[in-house]
Amino acid sequence: MKRRHVQLMCSLGLMAFFVGSAIAQDHNTAEKASGTSAASTAMAASPRPVHDGASPASDAKAKTDERIARLEGEKRFRTNCGRCHQAPHKFPPRVMATAIRHMRVRAMITDEDMRLILQYMTQ
Amino acid sequence: MLAGGFAYALAAILRLVPGLVLALFAASLSTAQTPDDVDVKPVPLLTGSTGFISDFTGGQPDLHPIITPLVLVPIGQRWLFETRATFETDMVQVPGRSGFHGGPVQKEVEYAQLDFIANPYMTVTVGRFLTPFGIFNERLYPVWIRNLQSDPLILPIGVGPSNASTGAMVRGGFRANSQINLNYAAYFSALSTVSPVDSARFAGGRAGIFVTKARFEIGGSFQHLLQQERSNLYGFHMIWQPPALPFDVRAEYAHSKSGSGYWVEPAYKLSQLPFLQNELRRTQIVARYQQFFTGELPSDILLPVATREFEFGLNYYFVDGLKASGNYGRQFSVDGNTNIWTMALTYRFVFPLGHAGIQ
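Residues numbered from 1 in each chain as written. Chains lettered and ligands numbered in written order. Predicted model: local features only at pLDDT ≥ 70, side-chain atom pairs only at ≥ 80, totals over all residues.

### With respect to the confidence of the model for chain B
Residues and elements named next belong to chain B. Here chain B averages 87 in pLDDT, while 89% of its residues score no lower than 70. The low-confidence segment residues 1-14 (pLDDT under 50) makes 18 contacts with residues lying over four places distant or belonging to another chain. Of the regions scoring below 50 in pLDDT, residues 20-37 engages in 29 contacts with residues more than four places distant in sequence or in other chains. Interface predicted TM-score (ipTM) for the complex: 0.85; the corresponding pTM is 0.79. (pLDDT = per-residue confidence, 0-100. Contact = placed C-beta atoms within 7 Å.)

### Some points on unusual backbone geometry
All names here are of chain B. With a phi angle near 50°, Arg230 is a residue other than glycine that sits in the positive phi range. Its place among the elements puts Arg230 in the loop between strand S11 (216-225) and strand S12 (232-240). The backbone of Leu276 shows a phi angle near 45°, a positive value even though the residue is not glycine. Take Leu276: there are 10 C-beta atoms within 10 Å of it, and that puts it in the exposed class. (Helix = DSSP H or I, 4+ residues; strand = E, 2+ residues; numbered from the N terminus. Buried ≥ 20, exposed ≤ 12 C-beta atoms within 10 Å, placed from the backbone.)

### Concerning the pairing of strand S14 (residues 259-269) of chain B
All names here are of chain B. Pairing of strand S13 (residues 247-256) with S14, which is carried by 10 bridges, proceeds in the antiparallel orientation. Bridging from a neighbouring strand, Phe247 pairs with Tyr268 of S14. Remark: 2 residues form the turn of the hairpin made by S13 and S14, two consecutive strands paired antiparallel. Two strands pair when backbone bridges link them, and S14 and strand S15 (residues 283-294) are joined in this way by 9 bridges, in the antiparallel orientation. Its bridge partner lying in S15, Tyr262 is registered against Gln291. (Pairing = 2+ DSSP bridges.)

### Looking at the interface of chain A and chain B
Each partner contributes to the interface: chain A provides 44 residues, whereas chain B provides 56 residues. When contributions to the side of chain A that touches chain B are tallied by element, the ones reaching two or more residues are helix H1 (2-45), helix H3 (93-106) and helix H4 (111-121) of chain A. Ranked by residue count, the leading element in the side of chain A that touches chain B is H1 of chain A, at 14 residues. For the side of chain A that touches chain B, the per-class residue count stands at 20 nonpolar, 13 polar and 11 charged. (Nonpolar A, V, L, I, M, F, W, Y, C, P; charged D, E, K, R; others polar.)

Right, here's the structure in full:
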């Protein structure tokens, strides 16, 4: 009986650990998100930097392409990942690269979707 | 006898090797390559889920801790080794004794497979893999994904013993046009009587059409049993997630000579309500209605009598991967009607086994 109690306590302890780590992870993510948000707001408010060798027109086009790819990646992410589970937070790039390879096999997402989602999730 | 079964399974897999090598060779010659040439190097992962599930079926409490680690090891640009195990136990109250008492921890390797991404249209898988019959077993089974913690009554149909196959599979997904993605899987499983990695001898396939704009997927599964009664099994599945609403509905139908049935599961996230938005956007209401009909052949893994069941539940998503669930269900059958209450706390974890890169 003592062994059963130990098993039960271990299970509860494990769950408490995971809950704690999840909450800590969420706080970290929220802090990073607010930091990123503040940074992007500051970038938007500041004068545009001038890049060597790139004309303003090509720079603007590159930015537009990047924004379109990001929007498309987000759309593919919502469309594909949300079919089975809640959309996860972003993970570090190398973690995401493994996860997307796993989901390519498991959920049979297309090659194009995989690339756009990976690009979106690692930006 | 077990050794004989294992030898038979091994021999069956070995018989597949020449064909498999040929398929891999042909696939590697395909012009449509570069499946994974993005400049991010994947890292091995220890991920998976854990849960503490308590249910009260007919007034009998049952505590059910479970941990399901999943190891993902990417190899080069085209290979992935993945394996998932389950450690679980059932703890019940014993009359005359205090507290909860359970049996030994059940350990099972659910799958251990090697994937080769041959080209953008095809992945070849060998080893022990989850049988792609319907959608629940392969895509919705983990405790952190499923909306309701109880299994559908028809889950055992078509997935084989231990929900897995031992053999080889080709699968893939590709874009048919700007609105439609197609996906497919075809597999062969050899007989294995070695518990807990037992499997039946069958061949089958699954195909699906995904209308991306409407977020609507429909598909069908087929399987031919190559042992015992050599019967055919078939099923259909559907997922619809309207883009304009935080709503999704999933459904499955499966038929075999041992039984048939269906389940329908709508779920709605309350994020559109104009009050308590921080709480309600994390809250999801779920319902599931299902029916099971007995077949002409007896079965050890399916219910012995025709059964109807309705379940209603509430999920609360605290943070990414952490979810609390509570649901009530009522089961109707000639053996008697039963109330089923379930409470669960589940969590999905991700640990990189190496340098993860900069976020």
